[in-house]
Amino acid sequence: MSSLQNPSIVLYGPGDARFEDRPAPRITDPMDAIIRIKYVGVHFWNHGGIANKVVTPEHPLTIGHEASGTIHAVGSGVTHLRPGDNVAIEPGRPCRACVRCKEGNYNLCPDMAFAACTAPKTHGCLSKYFKIPADFCYKLPPDVHLIEGVLAEPLAVAAHAVRAVKISYGSTLVVFGSGTIGLLCGAVARLFGAKTVVLVDVQESKLEFARGFIHGVGTYLPKETVSVEEHAATIMEEFGLGLGADAVIEATGAETCIQTGVRVLRPGGSYVQTGLGKPIVNFPIVAMSEKEIHMHGAFRYGPGDYRVAMNVLEARSIPVRDLVSKTFEFERATEAWEATKRGRGIKNMIRGYGYRE
């Protein structure tokens, strides 16, 4: 095993992951950084991709995009990092030259090379070593654990969503989904000044966790026999939302949640779609138009979102470590996906190859 260059977990299709050795990355640009991966968050496994399947037996992909690690080597132009530094990773490489990049929306870059996104071009972080531009590495404060560093990525997703709907002091917010993203959206919204935060989920165990994770959060467990109109009316009445919530963050992708979310908003409210589900859904467009709702898409994170995430980690203003349910050894990565698939825990982690604390 000691002769392996870059041990990796490679996805060949839905549910088909294999342990392989891949070439170790090399410094090819003065601003490169090579990270020795220490922890990776669990991501897709059952479908081999999102929307359009990106993984096939002919084009396998090293998976993982939520990661932290220790700087192994840096290019000659890197001055803010040195080997041995612990870092959180923003796992994308925009072109920096297109119109979207130039206007500051680098997350919308058409040539974005995002970790574990497109086979065989952009492999992910679930390997011993991973290369990324050094300015997409964020040095962790000494008292922030590497496991917490992994959670900078979903924290940045939450920051992107909360900023999109312009949460401010006194805002009211309904979040659909009480998984990692939904929980962090609610918690970040509290930091931005939201007065009322309500989380909606079909699993009571997740709502129970939410009540301990976010102080004063409201929770709502929908019933299958109730219409979306009734759900919206009940949420508005139960949590004193008057004509509706100021904002909705939809973090499930479920059609019924999308429909309920539009109806639970007040006139002129803001809605952001963070969850990904079916590519096409039935949508209440008349309700959207009559209320003049401000609709937003949300794609990963952009300028300033990782700064929010790192500030949260440094200030310890959200107990992100509580989200971590279990850590699996690298060689048992498939067990981590199966545990997540079965709804065991909030956030499962995979320890980097050969890493022992």
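Residues numbered from 1 in each chain as written. Predicted model: local features only at pLDDT ≥ 70, side-chain atom pairs only at ≥ 80, totals over all residues. Heavy atoms only, no water.

Per an unreviewed UniProt entry, the protein chain goes by the name D-xylulose reductase and belongs to Exophiala mesophila. As its UniProt record puts it under Function (unreviewed entry), the protein chain is described as follows: "Xylitol dehydrogenase which catalyzes the conversion of xylitol to D-xylulose. Xylose is a major component of hemicelluloses such as xylan. Most fungi utilize D-xylose via three enzymatic reactions, xylose reductase (XR), xylitol dehydrogenase (XDH), and xylulokinase, to form xylulose 5-phosphate, which enters pentose phosphate pathway." Of the protein chain, the UniProt comment under Pathway (unreviewed entry) reads exactly: "Carbohydrate degradation; L-arabinose degradation via L-arabinitol; D-xylulose 5-phosphate from L-arabinose (fungal route): step 4/5." (UniProt positions renumbered as here; feature names shortened; annotations may be inferred.)

A.B. asks: What's the story with the packing of aromatic side chains in this structure? I'm lost.
C.D. replies: For any two aromatic rings, the description comes down to two numbers: the centre-to-centre distance and the angle of the planes. Considering all chains together, one arrives at nine aromatic pairs under this definition. On the numbers, 4.9 Å between centres and 20° between planes, the contact of Tyr-138 with Tyr-306 is stacked. Within this pair, whereas Tyr-138 is found in strand β12 (residues 137–139), its partner Tyr-306 is found in helix α9 (residues 305–315), the two being separated by 168 residues in sequence. Through pairs of rings, three or more aromatic residues link up here, namely Phe-114, Tyr-138, Tyr-301 and Tyr-306. Over the face of the ring belonging to Tyr-12 we find Arg-18, whose NZ or CZ atom lies 3.7 Å from the ring centre. (Phe/Tyr/Trp six-rings, centres within 6.5 Å; stacked < 30°, edge-to-face > 60°. Helix = DSSP H or I, 4+ residues; strand = E, 2+ residues; numbered from the N terminus. Lys NZ or Arg CZ within 6 Å of the ring centre and 35° of its normal.)

A.B. asks: How should I be thinking about the domain arrangement of the protein chain in this particular structure?
C.D. replies: When the parts come together, some accessible area is lost, and that loss is often what is quoted as the size of the interface. Domain boundaries in the protein chain define domain 1 (5–139 + 319–351) and domain 2 (161–297). Put simply, the middle of domain 1 and the middle of domain 2, counted by C-alpha atoms, are 29 Å apart. With seven residues of domain 1 at the interface, the matching set in domain 2 holds seven residues. Taken together, domain 1 and domain 2 are joined by zero salt bridges. The tally of links from domain 1 across to domain 2 stands at one residue pair in polar contact (both at pLDDT 80 or more). (Domains from an automatic or database assignment. Contact = heavy atoms within 4.5 Å. Salt bridge = Lys/Arg side-chain N within 4 Å of Asp/Glu carboxyl O. Polar contact = N/O pair within 3.5 Å; in protein donor to acceptor, adjacent residues only side chain to side chain.)

A.B. asks: Any chance you could explain the UniProt feature "domain: Alcohol dehydrogenase-like C-terminal" (unreviewed entry) in the protein chain here in plain terms?
C.D. replies: Per the UniProt entry, the sites bearing "domain: Alcohol dehydrogenase-like C-terminal" (unreviewed entry) are residues 181–313 in this numbering. In residues 181–313, the share of helix is 44% and the share of strand is 20%. The end C-alpha atoms are 16 Å apart.

A.B. asks: Would you explain the side chain of Asp-85 in this entry?
C.D. replies: You can see Asp-85 is positioned in the loop between β7 (67–74) and β8 (86–89). Judged by relative accessible area, which is 10%, Asp-85 ranks as buried. A distance of 2.9 Å separates the side chain of Asp-85 from the backbone nitrogen of Arg-82, its partner in a polar contact. (Buried < 20%, exposed > 50% of the residue type's maximum accessible area, 1.4 Å probe, protein only.)

A.B. asks: I'm lost on the sheet that holds strand β16 (residues 245–250) in this one. Help?
C.D. replies: Sheet strands line up and pair through hydrogen bonds in the backbone, either parallel or antiparallel. Ordered by their spatial adjacency, six strands build an open sheet running β15-β14-β13-β16-β17-β18, and the pairing between neighbours is parallel. The strands lining the two open edges of the sheet, one partner per strand, are β15 (218–220) and β18 (294–297). Strand-to-strand twist across the sheet, computed as the mean angle between neighbouring axes with direction ignored, equals 20°. Both β16 and strand β17 (residues 265–273) contribute to a ladder of five bridges, which runs parallel. (Pairing = 2+ DSSP bridges. Axes fitted to C-alpha atoms, helices over the stretch in contact; angles between N-to-C directions.)

A.B. asks: Would you take a moment to explain the packing of helix α4 (residues 180–191) against helix α5 (residues 204–213) for this structure?
C.D. replies: The relative placement of two packed helices comes down to the angle between their axes together with the axis-to-axis distance. At their nearest, the axes of α4 and α5 sit 11 Å apart, and the two run at 25° to each other. As far as their axial angle goes, α5 and α4 are roughly parallel. Between α4 and α5 lies a crossing whose hand is right-handed. For the pair α4 and α5, the contacting residues are Leu-183, Leu-184 and Ala-187 in the first and Phe-209, Ala-210 and Phe-213 in the second. (Parallel < 35°, antiparallel > 145°, perpendicular 65-115°, else oblique. Left-handed = near helix turned anticlockwise from the far one by under 90°.)

A.B. asks: Any chance you could explain the pairing of β7 here in plain terms?
C.D. replies: The two faces of the sheet receive side chains in turn, since in a regular strand these alternate between them. Looking at chain direction, strand β3 (residues 32–41) and β7 are connected through seven bridges and run antiparallel. Paired with Ala-33 across the strands is Val-74, a residue of β7. Pairing of β7 with β8, which is carried by three bridges, proceeds in the antiparallel orientation. Bridge pairing in β8 links Thr-70 to Asn-86.

A.B. asks: Before we go on, may I ask you to explain the side chain of Asp-32 in this structure?
C.D. replies: Among the structural elements, Asp-32 can be located in strand β3. For Asp-32, a relative accessible area of 2% corresponds to the buried category. Here the side chain of Asp-32 touches Thr-28 through a polar contact of 2.9 Å, landing on its backbone nitrogen. There is a polar contact of 2.9 Å between the side chain of Asp-32 and the backbone nitrogen of Asp-29.

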